[in-house]
Amino acid sequence: AARLVNDGDTIILDTGITAGYLARALHGRRGVTVITNSLSVLQELADDPGMTVVSTGGVLRPSARSLVGAGAESTFRDLRADKAFLSGTGFSLNFGLSTMSIPEAAVKQAMLRASREAYLLADHTKIGIESLVKVAPAESFRRLITDAGISLHDRLAFTQRGIEVTIAGDTGKEGNGK
């Protein structure tokens with residue numbers, strides 16, 4: 001995922017463990033603006049001189065270390081990003097991206113509307129899972145970035161629907177995950 005972020009990009013970075021790993025991998029970039037509702041991402045990037053970090057407003061959701069609600073959503077109405085990197089608790093072709101939190105889902109939807117391209121960060125255990133709240137259809141994402149645990153069947157199914165699959169750490173041809 002970090003290879004998709006270029007110097008000078010404006011990106012949206014969601015909450016979650018995987019987003020935290022991506023934030024850590026962005027150190028050393030120049031002129032990157034990161035917009036986030038994640039306290040963990042804010043903390044990770046706070047001292048990086050090459051980053052401009054924009055925090056949403058909102059109400060603290062302690063369990064996710066995130067900001068949600070109208071304050072967080074309104075931040076994304078007035079901003080535009082090149083790329084958004086989102087995650088959730090489930091991702092399936094039938095239901096799309098989903099989460100267990102209604103307030104988190106609303107913020108994620110605002111993130112998608114504010115970005116030109118959307119990428120999904122999801123380990124293989126989230127593939128095929130349909131959680132409580134639908135965030136967006138699967139086709140809302142240009143690429144799924146996952147781990148090597150994803151089944152060949154799932155990889156092919158996503159690819160057939162026009163969603164590129166990239167395996168994190170794969171040194172093969174970038175972008176196709178093949």
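Counting from 1, residues in each chain are numbered in the order their sequence is written. Totals for whole chains, interfaces and linings use every residue, but because this is a predicted model, local features are given only for residues with pLDDT of at least 70 and side-chain atom pairs only at 80 or more, for both listing and counting. To obtain the side-chain values, all non-hydrogen atoms of the structure were used and water was disregarded.

Side note on the overall build of the protein
Right, on to step 1. Helix numbers and strand numbers start at the N terminus; a helix is a DSSP run of H or I with at least 4 residues, a strand a run of E with at least 2. When its secondary structure is counted, the protein shows five helices and 12 strands.
Right, on to step 2. The dimensions of the protein, computed from C-alpha atoms along their principal axes, are 40 × 35 × 25 Å.
Right, on to step 3. Burial statistics for the protein: of 178 residues in total, 49% are counted as buried.
Right, on to step 4. Within the protein, contacts between residues separated by at least 24 positions form 56% of all contacts whose residues are at least 6 apart in sequence.
Right, on to step 5. For the protein, the computed accessible surface area is about 8,300 Å², with 53% contributed by carbon and sulfur atoms.
Right, on to step 6. Separation between the mean location of the 20 positive side-chain charges and that of the 19 negative ones in the protein comes to 2 Å. Partly exposed describes any residue whose relative accessible area lies between the buried limit of under 20% and the exposed limit of over 50%, with all areas from a 1.4 Å probe on protein chains only and scaled to the type maximum. Any two residues having at least one pair of non-hydrogen atoms within 4.5 Å are treated as being in contact. To measure how exposed things are, a 1.4 Å probe is used in the Shrake-Rupley method; for residues, cover is taken only from the protein chains shown. We score Asp and Glu as negative and Lys and Arg as positive, and we do not count His or the chain ends. Lys charges are placed at NZ, Arg charges at CZ, Asp charges at CG and Glu charges at CD.

Quick word on the sheet that holds strand E7 (residues 90-92)
Right, on to step 1. With antiparallel pairing, three strands are arranged side by side in an open sheet as E7-E8-E10. If you trace the sheet from one side to the other, it starts and ends with E7 and strand E10 (133-136), each paired once. Across the sheet, the mean angle from the axis of one strand to that of its neighbour is 35 degrees, orientation sign disregarded.
Right, on to step 2. The criterion for strand pairing is that DSSP finds at least two bridges linking the strands in question. Here three bridges tie E7 to strand E8 (residues 96-99), and the two strands are oriented antiparallel to one another. Residue pairing in the sheet places Ser92 in a bridge with Gly96 of E8.
Right, on to step 3. Between the N-to-C directions of two axes lies an angle of 0 to 180 degrees, each axis being a line fitted to C-alpha atoms and, for a helix, fitted only over the stretch in contact. Strands in contact with helix H4 (residues 102-113) are E8 and E10; relative to E10, the strand with the most contacts, it is inclined by about 10 degrees.

Quick look at the packing of helix H3 (residues 70-77) against H4
Right, on to step 1. Closest axis-to-axis distance for the H3/H4 pair is 8 Å, and the angle between their directions is 5 degrees. The angle between the axes of H3 and H4 places the two elements in the roughly parallel class. Contacts between H3 and H4 pair Ala72, Glu73 and Phe76 from the former with Ala106, Val107, Ala110 and Met111 from the latter. Just so you know how the angles are binned, under 35 degrees is roughly parallel, over 145 roughly antiparallel, 65 to 115 roughly perpendicular, and the rest oblique.

Brief notes about the pattern of salt bridges
Right, on to step 1. When a carboxyl oxygen of Asp or Glu is within 4 Å of a side-chain nitrogen of Lys or Arg, the pair counts as a salt bridge. By the definition in use, this model includes eight salt bridges.
Right, on to step 2. Linking Lys83 and Asp9 is a salt bridge whose minimum nitrogen-to-oxygen distance equals 2.7 Å. Taken together, the positions of Lys83 in strand E6 (residues 81-86) and Asp9 in the segment before strand E1 (10-13) put the pair 74 residues apart, joining distant regions of the chain.
Right, on to step 3. The partner of Arg142 in a salt bridge is Glu117, with the nearest N and O atoms 2.4 Å apart. Residue Arg142 is found in the loop between E10 and strand E11 (143-146), and its partner Glu117 is found in strand E9 (residues 115-121); the two are separated by 25 residues along the sequence.
Right, on to step 4. Using a relative accessible area of 38% as the deciding quantity, one classes Arg142 as partly exposed.

A short note on the packing of aromatic side chains
The relative placement of two aromatic rings is captured by the distance of their centres and the angle of their planes.
Right, on to step 1. Stacked, edge-to-face and tilted are the three classes for Phe, Tyr and Trp ring pairs, Trp counted by its six-membered ring, which pair at centre distances within 6.5 Å; planes under 30 degrees apart are stacked, over 60 edge-to-face, the rest tilted. Applying the stated criterion across every chain, the model contains three aromatic pairs.
Right, on to step 2. Considering the side-chain rings of Phe85 and Tyr119, the 5.3 Å spacing of their centres and the 20 degrees angle between planes classify their relative orientation as stacked. Placement of Phe85 in strand E6 and of Tyr119 in strand E9 is noted, with a sequence separation of 34 residues between them. Residues Phe85 and Tyr119 agree in their burial class; the two are buried.
Right, on to step 3. Summarising the aromatic geometry, the rings of Phe91 and Phe158 are spaced 5.2 Å apart at their centres and angled 10 degrees between planes, so their arrangement reads as stacked. Within this pair, whereas Phe91 is found in strand E7, its partner Phe158 is found in helix H5 (residues 152-160), the two being separated by 67 residues in sequence.
Right, on to step 4. When its relative accessible area of 2% is taken as the criterion, Phe158 is described as buried.
Right, on to step 5. An aromatic cluster is built from Phe91, Phe141 and Phe158, whose rings are joined through pairwise contacts.

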